[in-house]
Protein chains: 2
Amino acid sequence: MVRTARGRPRNPEVENRIATAALAIYGDHGWAGFNFEAVARAADVSRDSLYRRWKDRRALLVDAIARVEPAPTSVDGLSLRDTLLRTALSSLERYLAPGGNALLRLYVEAPQDPELLELFHREVITPAVRRTRQLVRDAVDAGSLPAEANPTAIIDSVFGAVLMHVLATPAELRPKMVEQAEQYVTDVVDMTLRGAYYRDASPGGTGR
Amino acid sequence: MVRTARGRPRNPEVENRIATAALAIYGDHGWAGFNFEAVARAADVSRDSLYRRWKDRRALLVDAIARVEPAPTSVDGLSLRDTLLRTALSSLERYLAPGGNALLRLYVEAPQDPELLELFHREVITPAVRRTRQLVRDAVDAGSLPAEANPTAIIDSVFGAVLMHVLATPAELRPKMVEQAEQYVTDVVDMTLRGAYYRDASPGGTGR
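What counts and how
Residues numbered from 1 in each chain as written. Chains lettered and ligands numbered in written order. Predicted model: local features only at pLDDT ≥ 70, side-chain atom pairs only at ≥ 80, totals over all residues. Heavy atoms only, no water. Helix = DSSP H or I, 4+ residues; strand = E, 2+ residues; numbered from the N terminus. Buried < 20%, exposed > 50% of the residue type's maximum accessible area, 1.4 Å probe, protein only. Areas by Shrake-Rupley, 256 points an atom, 1.4 Å probe, with all protein chains shown as cover. Domains from an automatic or database assignment. Buried area = accessible area lost by both parts, 1.4 Å probe. Salt bridge = Lys/Arg side-chain N within 4 Å of Asp/Glu carboxyl O. Polar contact = N/O pair within 3.5 Å; in protein donor to acceptor, adjacent residues only side chain to side chain. Nonpolar A, V, L, I, M, F, W, Y, C, P; charged D, E, K, R; others polar. Contact = heavy atoms within 4.5 Å. 1 Å grid on protein atoms, 1.4 Å probe; cavity = no way out; pocket = protein on both sides within 12 Å on 5 of 7 lines; lining within 4 Å. Points joined across faces, edges and corners; volume = space filled by probe spheres on them. Core = buried A, V, L, I, M, F, W, Y, C linked by side-chain atoms within 4.5 Å. Expected span 1.5 Å × (residues − 1). pLDDT = per-residue confidence, 0-100. Least-squares fit on C-alpha atoms with pLDDT ≥ 70 in both. Phe/Tyr/Trp six-rings, centres within 6.5 Å; stacked < 30°, edge-to-face > 60°. Lys NZ or Arg CZ within 6 Å of the ring centre and 35° of its normal.

A. Molecular detail of the overall build of chain A. Of the regular secondary structure elements, chain A holds 10 helices and zero strands. Going residue by residue from the N terminus, the α and β elements of chain A occur as α-α-α-α-α-α-α-α-α-α. The 208 residues of chain A split such that 56% are buried. Roughly 9,300 Å² of accessible area belongs to chain A as shown, and the carbon and sulfur atoms make up 49% of that amount.

What follows is the structure in structure tokens.
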């Protein structure tokens, strides 16, 4: 939860509706078309109810993104593999959902607004990277992965593959992609974890 | 080369200058700020010299992207591993170069203009995916990878990891990222190829 959210008593139903509207508007129209008025209209709330909760549109947008960002969190009893499978699949589904363009667009546009960029990294990216790295370290401690495993490479490969898969699939193949999403995500996670696991078996890699 | 380029006699130096300017302008300002006048000014050429070569701004933008898109092509004597290493590293460098935002922005914005989307897929994405898949199939034929290797998963993992790495690295860590880029890319490519290679050794994956 973004800390710039104001002290307004929580009404999760309203806040989720506003966040959903914010992602849809930002995803479709970008930073130039993103403002409290458009979001209030789409969410069917007053502009005041936005001002009471968020100090500006940066705080609103980053809070909305943070709500849907499926950073892996350790679930008791769930292996690294199952956690990655579940999180990668929800990441893929989110890119395809209404407003799914918003995260990608924010990556593109945030560098042009340093304050937005800082907030985005602080509230979304950095916590997600930290939580995911910790998951990999836990798997190392549990002996599921060798100590030399590169957490950044593992995380980037799994979540980057999902992103690239969505980006590179033309519109007419999307239904097929959705149908095969679970198999695809399983292939990617297992390939990545095997590659991390067998690090010592073939240090120089294969495919030479 | 995009086929909509017109019959103007080639002057590669001028065309590269225009393409570089087009990527910089599109990367910074997006589709809304992308037009022949701005590109002509930035490239220090007349608008006529753009109209003679490209029928519209869609053709110009997609042609400019196609020129810098480092789709892996098989180089005689180079293994799949070395080809992927070289191409992934050049992909990372391109994201960081001036105009490096352009490809990512086009992924975000093209879906809102069906004609642009179709051209982008036809001239850039589909050929790149096909060429890269062929490289993986060649490695399978040569016995470097098992027949069950999933070319899409391999390609998405390597190039998606590079993209995610750039996106998730905050500005202040970029110099360090650049310094360690070769090691990072090597880790990712080797992990991915080992994961594909050892498919049969541990079909269900590790990290359970």
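B. Examining the domain arrangement of chain A more closely. All names here are of chain A. Segmentation of chain A into domains returns domain 1 (12-66) and domain 2 (80-195). Around 1,200 Å² of area is buried between domain 1 and domain 2 when both sides are counted, 68% of it from carbon and sulfur atoms. The interface formed by domain 1 and domain 2 contains two salt bridges. The closest approach of N and O atoms between Arg58 and Glu115, which form a salt bridge, is 3.7 Å. At the boundary of domain 1 with domain 2, the tally comes to five residue pairs in polar contact (both at pLDDT 80 or more). Contributions of two or more residues to the side of domain 1 that touches domain 2 are made by α1 (12-29) and α4 (57-68). Its residues placed into classes, the side of domain 1 that touches domain 2 shows nine nonpolar, three polar and three charged.

C. Local environment of the interface of chain B and chain A. With 54 residues of chain B at the interface, the matching set in chain A holds 54 residues. Carbon and sulfur atoms supply 60% of the area that chain B and chain A bury against each other, a total of about 4,700 Å² over both sides. The interface formed by chain B and chain A holds two salt bridges in total. With a shortest N-O distance of 3.9 Å, Arg105 of chain B and Glu109 of chain A are connected by a salt bridge. Here chain B and chain A share 14 residue pairs in polar contact (both at pLDDT 80 or more) between them. For the side of chain B that touches chain A, the secondary-structure elements that each account for two or more residues are α1 (12-29), α5 (80-96), α6 (101-109), α7 (114-141), α8 (151-168) and α10 (181-197) of chain B. The dominant element in the side of chain B that touches chain A, judged by the number of residues it contributes, is α8 of chain B, at 13 residues. Residues belonging to the side of chain B that touches chain A are distributed by class as follows: 25 nonpolar, 19 polar and 10 charged.

D. View of empty space enclosed by the protein. Taken as a whole, this structure holds one cavity of 30 Å³ or more when the rule is applied. Its boundaries defined by the atoms lining it, the largest cavity holds a volume of some 50 Å³. Along its surface, the largest cavity is lined by Ala149, Asn150, Ala153, Ile154, Ala196 and Arg199 of chain A together with Asp187, Met191 and Arg194 of chain B. Listed by contribution, the elements that provide at least two residues to the lining of the largest cavity are α8 (151-168) of chain A together with α10 of chain B. Among the elements that make up the lining of the largest cavity, the one with the highest residue count is α10 of chain B (three residues).

E. View of the nonpolar core. By size, the foremost hydrophobic cluster in this structure holds 138 residues, and its most contacted members are Phe120 of chain A together with Phe120 of chain B. Apart from residues no more than four positions distant in its own chain, Phe120 of chain B is found in contact with Val62, Ile65, Leu103, Leu106, Tyr107, Ala110 and Ile125 of chain B.

F. A look at α1 of chain B. Residues and elements named next belong to chain B. Taking 1.5 Å per residue as the helical rise, α1 with its 18 residues ought to reach 26 Å, and the 25 Å between its terminal C-alpha atoms agrees with that figure. The set of residues buried in α1 consists of Val14, Glu15, Ile18, Ala19, Ala21, Ala22, Leu23, Ile25, Tyr26 and Gly27. Those residues of α1 hidden inside the fold are in contact with α2 (36-43), α3 (47-51), α4 (57-68) and α6. Backbone geometry just after α1 places Gly30 at a positive phi near 75°.

G. A look at the confidence of the model for chain A. Residues and elements named next belong to chain A. When pLDDT is averaged along chain A, the result is 87; 88% of the residues meet or exceed 70. Considering each helix and strand of chain A separately, the mean pLDDT is smallest for helix α6 (residues 101-109), with a value of 89, and largest for helix α2 (residues 36-43), with 97. For the stretch residues 202-208, pLDDT sits under 50, and the model shows 20 contacts to residues farther than four places along the chain or on other chains. Reported confidences for the modelled complex are a pTM of 0.86 and an ipTM of 0.86.

H. Main features of the relation of the copies chain B and chain A. The transformation that overlays chain B on chain A combines an axial shift of 0.0 Å with a rotation of 180°, and the residual RMSD is 0.0 Å. Put plainly, the chains are arranged around a two-fold axis.

I. Examining the packing of aromatic side chains more closely. For the coordinates displayed, the defined rule picks out 13 aromatic pairs over all chains. When the ring of Tyr26 of chain A is compared with that of Phe34 of chain A, the centres are 5.7 Å apart and the planes differ by 85°; the resulting orientation is edge-to-face. Across the pair, Phe34 of chain A and Tyr26 of chain A agree in class, each one buried. Judged by centre distance (6.5 Å) and plane angle (75°), the rings of Tyr26 of chain B and Trp31 of chain B are edge-to-face. Of the two residues examined, Tyr26 of chain B and Trp31 of chain B, each falls in the buried class. Taken together, the aromatic side chains of Tyr197 and Tyr198 of chain A together with Tyr197 and Tyr198 of chain B make up a single cluster linked through ring pairs. Taking the ring centre of Trp31 of chain A as reference, the NZ or CZ of Arg57 of chain A above it sits at 3.7 Å. A cation over a ring is seen here: Arg94 of chain A above Tyr95 of chain A, with NZ or CZ 4.7 Å from the ring centre.

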